[in-house]
Amino acid sequence: MEKKIEEQNVEHFGIQRKIVANMTTEAWQNVPHVAYVYKPDVSDFMAEYKKLKETNLPPQSKITVNTLMLRVIVEGLKACPAMNAHIEFDPTLVRGTITTLDEINISLPMMLPNDEMMTINLHNFESKNLDDMADYIADVNRRIQKTDLNEVMFDVSLDNTLEGLRQGKVKQTVCRLVGSKTGRYKVRTLHGEEKRKYEAIPENERLTKHDIEQGSITVSNIGSVYREQRGEMALIEIVPPQVSAIAVGAVQDAPVVIKNDAGEKEIAIRQIMPLTIVFDHRALDCGDIVPFIKKLDEIFENPEIIHTWRR
């Protein structure tokens, strides 16, 4: 007789996991992903970053590798605006539109105090210098401390559900409401006096749905999670209606073919940083991302430019 396996530590989805599960399921069901792993030599770039980091500034104004790479990616998107776009596609009628966006709003997964991840929308990074970007991220981290994550995520989830209803997705709307408000899977949110106290906190002191709404592109810094890693992301999901996503890996030593002073090729130990660039093949072809890669090549080959990005 087959022995029954006892269930242990069963944890039902909270709203954060519900949102992630729903978005990623939609992504893999509907988006034809294409991934390219770009592995630039960042040895000289990291040397310039070290100089930048040694600038005499207070700790809260220090520029991290994460912030610096966000600025590098923004420069790449300015050179390749086709990657900063949203797509709408009807497979039944085979009709679609691609809207290129002027604002670069980066959806950035961030680690929260409870060790969960939340994707924050970093608004208008196309117009920010390095210091502005660092200040923005520091302010997000400050406001997280007074934020009830279930409340803000439920607000966004409710907005998405109502938008589906406006689009005629009645069955989906009913199922989502039942799934989030009944039984053991019920989402716990604030009520009564607790809710009134929370809503009395000024919006500039806590995160709101504006901070976690959909951005124009997703950038995940996998390298910041575990800097000693020696691998690279093979793929990362694109969250509709975005058409691109980028995963930034950890800086790591690797053998690289270089030219010595005599113009001869030789193998040297250099620093590389794997970046996985993923795009929606309905919106982009391989050649469309070349301007992005060329711009990053230009930055990594002339890294002294990063000093001009300060306030």
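A brief look at the structure comes next. All values reported here derive from a predicted model rather than from experimental measurement. (Residues numbered from 1 in each chain as written. Predicted model: local features only at pLDDT ≥ 70, side-chain atom pairs only at ≥ 80, totals over all residues. Heavy atoms only, no water.)

**Some thoughts on the pairing of strand β9 (residues 265–272)**
In regular strands, side chains alternate between the two faces of the sheet. As judged from the eight bridges shared by strand β8 (residues 252–259) and β9, these two strands associate in the antiparallel manner. Its bridge partner being in β9, Val256 is matched across the sheet by Ala268. Between β8 and β9, which pair antiparallel one after the other, the connecting turn spans five residues, and Gly263 there sits at a positive phi close to 80°. (Pairing = 2+ DSSP bridges. Helix = DSSP H or I, 4+ residues; strand = E, 2+ residues; numbered from the N terminus.)

**As for the packing of aromatic side chains**
Inspection of every chain in the model, using the stated rule, returns two aromatic pairs. When the centroid spacing of 4.9 Å and the interplanar angle of 90° are considered together, the rings of Phe45 and Phe300 count as edge-to-face. Here Phe300 lies in helix α9 (residues 290–301) and Phe45 lies in helix α2 (residues 43–53), a separation of 255 residues in the sequence. Comparing Phe45 with Phe300 shows no difference in burial state: the two are buried. With a centroid separation of 5.5 Å and 85° between ring planes, the pair formed by Phe125 and Tyr136 is classed as edge-to-face. Note that Phe125 is positioned in the loop between β5 (117–122) and α4 (130–144) and Tyr136 in helix α4, a separation of 11 residues in sequence. In this structure Phe125 comes out as buried when scored by relative accessible area, which is 0%. (Phe/Tyr/Trp six-rings, centres within 6.5 Å; stacked < 30°, edge-to-face > 60°. Buried < 20%, exposed > 50% of the residue type's maximum accessible area, 1.4 Å probe, protein only.)

**Thoughts on the side chain of Ser216**
Note that Ser216 resides in the loop between α8 (209–212) and β6 (217–221). The buried category is assigned to Ser216, whose relative accessible area is 1%. At 2.5 Å, the side chain of Ser216 and the side chain of Asn84 are in polar contact. Apart from the residues lying within four places of it in its own chain, the contact partners of Ser216 are Met83, Asn84, Ala85, His86, Leu101, Glu103, Ile104, Asn105 and Gln242. (Polar contact = N/O pair within 3.5 Å; in protein donor to acceptor, adjacent residues only side chain to side chain. Contact = heavy atoms within 4.5 Å.)

**Quick look at a positive patch on the surface**
On the surface, Lys50, Lys53, Lys62 and Arg227 cluster together to form a positively charged patch. When you line up the elements, Lys50 lands in helix α2. (Patch = residues over 30% accessible without salt bridge, like charges linked within 9 Å, V, L, I, M, F, W, Y side chains within 5 Å. Areas by Shrake-Rupley, 256 points an atom, 1.4 Å probe, with all protein chains shown as cover. Salt bridge = Lys/Arg side-chain N within 4 Å of Asp/Glu carboxyl O. Lys, Arg positive; Asp, Glu negative; His and termini not counted. Charge placed at Lys NZ, Arg CZ, Asp CG, Glu CD.)

**Quick notes on the nonpolar core**
Phe45, Met83, Ile106, Met118, Leu122, Ile246 and Phe292 are the most contacted members of the largest nonpolar core, which has 62 residues in total. Among the nonpolar cores identified, the runner-up in size contains six residues, and Val31, Ile236, Ala247 and Val278 belong to it. (Core = buried A, V, L, I, M, F, W, Y, C linked by side-chain atoms within 4.5 Å.)

**Structural notes on the pattern of salt bridges**
This model, assessed by the stated rule, comprises 19 salt bridges. Linking Glu205 and Lys146 is a salt bridge whose minimum nitrogen-to-oxygen distance equals 3.5 Å. You can see Glu205 sitting in the loop between α7 (192–199) and α8 and its partner Lys146 sitting in the loop between α4 and α5 (149–166), a full 59 residues away along the chain. A relative accessible area of 45% places Lys146 in the partly exposed class. Several salt bridges converge on common partners, so that one network encompasses Asp139, Arg142, Arg143, Lys146, Glu205 and Asp211.

**Some thoughts on the sheet that holds strand β4 (residues 106–111)**
Here six strands make up an open sheet; going across it, the order is β1-β10-β7-β6-β4-β5 and the pairing mixed. The sheet is open, and its two edges are formed by β1 (33–38) and β5, each paired on a single side. Across the sheet, the mean angle from the axis of one strand to that of its neighbour is 20°, orientation sign disregarded. Of the pairings in the sheet, the one linking strand β7 (residues 244–248) to strand β10 (residues 275–280) comprises five bridges and is antiparallel in character. Residue pairing for β10: Ser244 is matched across the bridge by Phe279. The strands touched by α4 within the sheet are β4 and β5, with β5 carrying the most contacts at an inclination of about 135°. (Axes fitted to C-alpha atoms, helices over the stretch in contact; angles between N-to-C directions.)

**Quick look at the packing of helix α3 (residues 65–79) against α9**
Put simply, α3 and α9 touch, their axes get as near as 8 Å, and they point 135° apart. Taken together, the axis directions place α3 and α9 in an arrangement best described as oblique. Once α3 is placed against α9, the crossing between them reads as right-handed. From α3, Met69, Val72, Ile73, Glu75, Gly76, Leu77 and Ala79 reach across to α9, where they touch Pro291, Phe292, Lys295, Leu296, Ile299 and Phe300. Residues of the contact of α3 with α9, tallied by class, amount to 10 nonpolar, one polar and two charged. (Parallel < 35°, antiparallel > 145°, perpendicular 65-115°, else oblique. Left-handed = near helix turned anticlockwise from the far one by under 90°. Nonpolar A, V, L, I, M, F, W, Y, C, P; charged D, E, K, R; others polar.)

**Digging into the packing of α3 against α4**
Relative orientation of the contacting elements α3 and α4 amounts to 125°, with a least axis distance of 10 Å. Overall, the two elements α3 and α4 adopt an arrangement that is oblique. Our pair here, α3 against α4, has a crossing hand that is right-handed. Facing Asn66, Thr67, Leu68, Leu70, Arg71 and Val74 of α3, the residues of α4 in contact are Leu130, Met133, Ala134 and Ile137.

Shape descriptors only; they carry no functional weight alone.
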